[in-house]
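Breakdown of the fold
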Amino acid sequence: MVSFSDLVEEARLSARALLDYGESFLNPTLRLGVTGLSRAGKTVFITALIHDLVRGGRMPVFEALASGRIAKAYLAPQPDDGVPRFAYESHVKALVAERRWPSSTVDISELRLVIEFQRTNGAERTLTLDIVDYPGEWLLDLPLLNKSYEQWATESLALSRSEPRAHVAKAWHAHLSTLSAEGRENEPATLEAARLFTDYLRACRDERFAMSLLPPGRFLMPGNLAGSPALTFAPLDVPADGTAPSGSLWAMMERRYESYKEIVVRPFFRDHFARLDRQIVLVDALAAFNAGPEALHDLEAALTGILDCFRVGRGNLLTALFRPRIDRILFAATKADHLHHTSHDRLEAVLRRAVNRAVARAESTGAVIDVVALAAVRATREALVARGRDKLPSLLGTPAAGESANGEIFDGNTEVATFPGELPADAEELFKGGAYRGLSSAGADGTDFRFLRFRPPLLAPEAGGEPALPHIRMDRALQFLIGDRLQ
């Protein structure tokens, strides 16, 4: 059944779509959403994208730039007064001058880039690119709009009782066993349940487990809502089709869950997510390899949930006016520079396998979807290192301070040669139970895959401006995302 509030929400979306269409008709604008789960590299990707376009980096696959049809690209004032500006300048400084990775995305931000170009027919045109950066964890909240508290609680508890989640949920489960859902509402018990539930979600995100499916997303990045009732609830052991007694702890949790949807989830969908034209989803598959097969399966479930959130399909005048759709989505496996180039195709194959079922549904609507392995900023170089009579394809780079391998702890200043190993030729092998050992079941030196974190590269200054940021396949990503708009 469609509720009255759903109809009101659709009317609001249509009104906003009409406004956006009118503005874009006079000034062609493309809204590009950039998201990904924690530590996938969203901030680095956006910084490198802007830097490559403004500076004019080397991008042979990005046809408009490679052919010289882009006259210039420059930043324009932030278009939305209520959204923070993406801190591009400070992020470039962190990468180039300080050789450190910028801080992770914890809130929504936006930046406007204007591209002046020549069409293939010779006409001079301008494309305004609005880049919207938001945490992937917020995206995983969108399915909550169609779930009752009871459904969400049942699903969350079932998930938490499977390994390796059950291992880190012990304290929360112990407290849960002391609660009576039908008992009177109890603020101290609710606060404790919310704290322990949040601790469980945070522990699941640790690199030993690298779990991805962790809604509600704001529990891990509360911002100015920290401590509010809308973020103070937790699952209870209740039937999925049950009804909460009035005045009960169950009713209290249900009320706050609904407030979370109204205060946090629905405004994000209406004001930002529903307005996107194109989308890139960044994926740190290497973190899942480090953790183990369970993390890879959890990543697959999260990516399926993410793709199900999008309104996808080939756009036309009617949809542009009243129900905008995302017509291109790129899934990008980041940190390809942590693998030798001979494994890049295999990394793409793993990501394609993880999103395969969801992509098949989306492509039937006319949306165009692709998968790529990339590194927005390449932190390593490739080399052949002699080991006895053999020469191993290796990577040269500076591991971040505190990283360790084979009993050695790195200081963050010394460049080393590492052999990252090869991914299997058949991606399906990685999705089998017990296919390989990860951090969740073995020590740091007993894993089958161990990918170190590297510092950004040391770049030599260039005459006339900042040095170019080395990359892997950023040009392919840009050609897919905006190349057709620059024809």
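Provided above is the structure to which this section pertains.
Presented here is a report on the structure given in the accompanying data block. In this convention, every chain numbers its residues from 1, walking through the sequence in written order. Residue-level local features of this predicted model are given only where pLDDT is at least 70; pairs of side-chain atoms are given and counted only at 80 or more, and the full residue set underlies all totals for whole chains, interfaces and linings. Water and hydrogen atoms were dropped before computing side-chain values, which therefore reflect all heavy atoms in the structure.

What about the sheet that holds strand β12 (residues 416-418)?
Rules: Two strands form a pair only when DSSP identifies at least two bridges running between them. Secondary structure follows DSSP: runs of H or I at least 4 residues long count as helices, runs of E at least 2 residues long count as strands, and numbering of each begins at the N terminus. Convention adopted: a line fitted to C-alpha atoms gives each axis, helices being fitted over their contacting stretch, and angles between N-to-C directions are expressed from 0 to 180 degrees.
A sheet is described by the order of its strands in space; here three strands give the open sequence β8-β9-β12, paired in antiparallel fashion. Strand pairing shows two members of the sheet lacking a second neighbour, β8 (381-387) and β12, which therefore form its edges. In this sheet, adjacent strand axes meet at a mean angle of 45° when their direction is disregarded. Across seven bridges, β8 lies against strand β9 (residues 390-397) in antiparallel orientation. Residue pairing in the sheet places L384 in a bridge with P393 of β9.

Quick look at the side chain of T380
Going by this rule: By the criterion applied in these results, polar contacts are pairs of N or O atoms within 3.5 Å in which, for protein atoms, one can donate a hydrogen and the other can accept it, and in which residues neighboring in sequence qualify only through two side-chain atoms. What makes two residues a contact is simply this: any of their non-hydrogen atoms within 4.5 Å.
Its place among the elements puts T380 in the loop between β7 (368-373) and β8. Of the polar contacts made by the side chain of T380, one reaches the backbone oxygen of D337; its length is 2.6 Å. Excluding anything up to four places from it in sequence, T380 contacts D337, L395, L396 and F454.

Digging into the layout of surface pockets
Test applied: Of the grid points, spaced at 1 Å and generated over the protein atoms alone, those admitting a 1.4 Å probe that cannot get out make up cavities, while open sets with protein on both sides within 12 Å along at least five of seven lines make up pockets; any residue with an atom within 4 Å of a point is treated as lining. Grid points are joined across faces, edges and corners, and a volume is the space filled by probe spheres set on the points. We call Asp, Glu, Lys and Arg charged. Ala, Val, Leu, Ile, Met, Phe, Trp, Tyr, Cys and Pro are nonpolar, and the rest, Gly among them, are polar.
In this structure, the largest pocket occupies an estimated 1000 Å³ of space. The wall of the largest pocket is formed by 48 residues, among which R39, A40, G41, D284 and K335 lie closest to the centre. Of all the secondary structure elements, the ones that give two or more residues to the lining of the largest pocket are α2 (42-55), β5 (278-283) and α11 (285-291). Residue composition of the lining of the largest pocket, grouped by class: 27 nonpolar, 10 polar and 11 charged.

Digging into the packing of aromatic side chains
Inclusion rule: Aromatic pairs are defined between Phe, Tyr and Trp rings, using the six-membered ring for Trp, whenever the two ring centres lie within 6.5 Å; interplanar angles under 30 degrees are classed as stacked, those over 60 as edge-to-face, and all others as tilted. Accessible area is worked out with a 1.4 Å probe on protein chains only. A residue is then buried under 20% of its type maximum, exposed over 50%, and partly exposed in between.
A complete count under the given rule lists 19 aromatic pairs for this structure. Here Y134 and F268 contribute two aromatic rings whose centre-to-centre distance is 5.3 Å and whose plane-to-plane angle is 55°, an arrangement assigned as tilted. Here F268 lies in helix α10 (residues 249-271) and Y134 lies in the loop between β4 (124-133) and α5 (136-139), a separation of 134 residues in the sequence. Here Y134 falls in the buried class, since its relative accessible area comes to 1%. The exposure class of F268 is buried, given its relative accessible area of 5%. Ring centres of F197 and F219 lie 5.8 Å apart, and the angle between their planes is 80°; this geometry places the pair in the edge-to-face category.

Here we look at the pattern of salt bridges
We apply this condition: The working definition used for a salt bridge is a side-chain nitrogen of Lys or Arg within 4 Å of a carboxyl oxygen of Asp or Glu.
Inspection of the entire model under this criterion finds 29 salt bridges. In this structure, D80 and R275 form a salt bridge, with 3.9 Å as the shortest nitrogen-oxygen distance. With D80 in the loop between β2 (70-76) and α4 (88-96) and R275 in the loop between α10 and β5, this residue pair connects regions lying 195 residues apart in the sequence. Where R112 meets D130, a salt bridge forms, and the shortest distance between an N and an O atom there is 2.7 Å. In this pair, R112 sits in strand β3 (residues 109-118) while D130 sits in strand β4, placing the two residues 18 residues apart along the sequence. Side by side, R112 and D130 carry an identical accessibility label, which is buried.

Here's the deal with α2
Under the convention used in this document: The span expected for a helix works out to 1.5 Å for each residue beyond the first.
Across its 14 residues, α2 extends 20 Å between first and last C-alpha, which sits within 8% of the 20 Å expected from 1.5 Å per residue. For α2, a buried count of 12 out of 14 residues is recorded, marking the element as mostly surrounded by other parts of the structure. Within the sequence span of α2, burial applies to K42, T43, V44, F45, I46, T47, A48, L49, I50, H51, D52 and L53. Once α2 ends, the next one or two residues include G56, with phi positive near 80°.

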